[in-house]
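Each chain, written out:
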Amino acid sequence: AVCHEVAAYETVPETEDPNHARADLTENGADWITFASSSAVDNFHALKLKVKGHKIKCASIGPVTSARLISLGYKVHAEAHTHTIPGLIQAMISWETTSL
């Protein structure tokens, strides 16, 4: 057999911030940050944002992404059981309703 490697997609970090989302996150925080891939975790971590005084929760799409978050020192508050965006949302809703 002959095998060919084909890249289905490539994730690259955003280099511009026209909406000033980084400053907004740093100044105002967020309730949740969602991660749908390990590369998203790496790209977020590389930003080295200092979010002062905010208790931001992390949600992960699955165990590989969660493992990457944990390896970089983040706490995973919610992990999707079904590794889809709707599953990610459901995990966050479940965390919120059980943590009241």
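For the structure, check the block above.
Residues numbered from 1 in each chain as written. Predicted model: local features only at pLDDT ≥ 70, side-chain atom pairs only at ≥ 80, totals over all residues. Heavy atoms only, no water.

Draft legend 1. Structural detail: unusual backbone geometry. The phi dihedral of His-20 is positive, around 60°, even though this residue is not glycine. Mapped onto the secondary structure, His-20 falls in the segment before α1 (21–28). You will see that Lys-48, though not glycine, has its phi angle at about 55°, which is positive. Checked against the element boundaries, Lys-48 lands in the loop between α2 (38–47) and β2 (57–60). On the basis of relative accessibility, which here comes to 65%, the residue Lys-48 falls in the exposed class. (Helix = DSSP H or I, 4+ residues; strand = E, 2+ residues; numbered from the N terminus. Buried < 20%, exposed > 50% of the residue type's maximum accessible area, 1.4 Å probe, protein only.)

Draft legend 2. Focus on the side chain of Lys-57. Mapped onto the secondary structure, Lys-57 falls in strand β2. Look past the residues within four positions of Lys-57 in its chain and what remains in contact with it is Asp-31, Trp-32, Ile-33, His-77, Trp-95 and Glu-96. (Contact = heavy atoms within 4.5 Å.)

Draft legend 3. Here's a closer look at the packing of aromatic side chains. If you walk through the whole model with that rule in mind, you get three aromatic pairs. With centroids separated by 5.5 Å and ring planes inclined at 90°, the aromatic side chains of Trp-32 and Trp-95 adopt a geometry described as edge-to-face. One end of the pair, Trp-32, is in strand β1 (residues 32–35); the other, Trp-95, is in helix α4 (residues 85–98), with 63 residues separating them in the sequence. Accessibility expressed as a relative area gives 16% for Trp-32, which makes it buried. Measuring from centroid to centroid gives 5.5 Å for Phe-35 and Phe-44, while their planes differ by 70°, and the two rings are edge-to-face. Here Phe-35 and Phe-44 have matching classes, each one buried. (Phe/Tyr/Trp six-rings, centres within 6.5 Å; stacked < 30°, edge-to-face > 60°.)

Draft legend 4. A look at a nonpolar patch on the surface. A grouping of Ile-85, Ile-89 and Ile-93 is seen on the molecular surface, where their side chains present a nonpolar patch of about 270 Å² in accessible area. If you trace the backbone, Ile-85 turns up in helix α4. (Patch = residues over 30% accessible without salt bridge, like charges linked within 9 Å, V, L, I, M, F, W, Y side chains within 5 Å. Areas by Shrake-Rupley, 256 points an atom, 1.4 Å probe, with all protein chains shown as cover. Salt bridge = Lys/Arg side-chain N within 4 Å of Asp/Glu carboxyl O.)

Draft legend 5. Quick look at the sheet that holds β2. Ordered by their spatial adjacency, three strands build an open sheet running β1-β2-β3, and the pairing between neighbours is parallel. Each of the sheet's edge strands pairs with one partner strand only, and the pair in question is β1 and β3 (76–79). Along the sheet, successive strands turn relative to each other by an average axial angle of 25°, direction set aside. In this sheet, β3 lies alongside β2 in parallel orientation, the contact comprising three bridges. (Pairing = 2+ DSSP bridges. Axes fitted to C-alpha atoms, helices over the stretch in contact; angles between N-to-C directions.)

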